[in-house]
Amino acid sequence: MRRVIVFLLTNFLAMQICHAATPVIWENLKDPKAAEFIDPFAALGIQDLRSLGTVLRLRQRLEDASLADEARRRIEGRLRSEEAGLAAAGVRTDWLLSQRVEIGRKRAAAALAGNPALAGKEIAITGYVIPVQDPGGGGVTGGYLVPEQGMCSHMPAPDPNQMIRYRVSSGWEAQYIYEPVLLTGKLSIETVRQQITLLDGQVDMIAAFHMDVTEVRSLDEKTRPNPENRLWKNFLNFGKPAAESGQ
């Protein structure tokens, strides 16, 4: 009878721990306050943004004192055309270009900032794993969790606050890259930078979070490829990290 009570109590506590984890979506990871700035570029269409970039490049080329007269006249003519098109669209070209450095700084800060309300919390989040082999050997015990398949390989890397460096203590190992999973564990705001090798070559990974994982649930049991397939194994990183730092 005593064993039954202990068993039931253990399972009850495990269920309480599981339920204590806060379900989180990727948007929750962003620091809402860091994004509270007016971005004048956000309202522009693709064509206007391209024209702004063209104006900036042409103005920079005209700063070259060694530019031949014919080339200068050609550039000046194209510049006037681009500026006229932006003016007709109501775009404040000079003011926007004067703001690009400051807005770029704010965007970078917002992309790196993690939600402080989640620091130290037990969370549960779904995503796709990029497994990274432990440089010290012993198999794959961690890696990166990203919101979409193909990120950092066939797609650009997400913002740092949309990537989690995870570490698994349960002995679970990912079977292949971009395996969909539900991770549960303690989240820390800790910037980690590491260079890994994926199919497309060297990739600089910058994550704003670290997660000590206590539970992993695979979400793709039916479509899992053969773990012995060399194509999948080639995605894994077998090199040492270039750098890892916490802030």
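Residues numbered from 1 in each chain as written. Predicted model: local features only at pLDDT ≥ 70, side-chain atom pairs only at ≥ 80, totals over all residues. Heavy atoms only, no water.

Caption draft 1: Quick look at helix 4 (residues 93-112). Taking 1.5 Å as the rise per residue, helix 4 with 20 residues should run 28 Å; its terminal C-alpha atoms sit 28 Å apart, in good agreement. Along its length, helix 4 reaches its greatest deviation from straightness, about 45°, at R100. Buried residues of helix 4: T93, L96, L97, I103, A110 and A111, and no others. Close packing links the buried residues of helix 4 with helix 2 (46-62) and helix 3 (69-88). (Helix = DSSP H or I, 4+ residues; strand = E, 2+ residues; numbered from the N terminus. Expected span 1.5 Å × (residues − 1). Bend = angle between axes of the 7 residues up to and from the residue. Buried < 20%, exposed > 50% of the residue type's maximum accessible area, 1.4 Å probe, protein only. Contact = heavy atoms within 4.5 Å.)

Caption draft 2: Layout of the pattern of salt bridges. A full pass over the atoms with the stated rule returns seven salt bridges. Measuring nitrogen to oxygen at the nearest pair gives 3.5 Å for the salt bridge that ties E27 to K30. Of the residues examined, K30 reaches a relative accessible area of 30% and is grouped as partly exposed. Residue D204 is joined to R193 by a salt bridge in which the shortest nitrogen-to-oxygen separation is 2.6 Å. Residue D204 is located in strand 6 (residues 201-218), and its partner R193 is located in strand 5 (residues 179-198); the two are separated by eleven residues in the primary sequence. The class for D204 is partly exposed, based on a relative accessible area of 34%. It is possible to trace a salt-bridge network through shared partners that takes in R59, E83 and D94. (Salt bridge = Lys/Arg side-chain N within 4 Å of Asp/Glu carboxyl O.)

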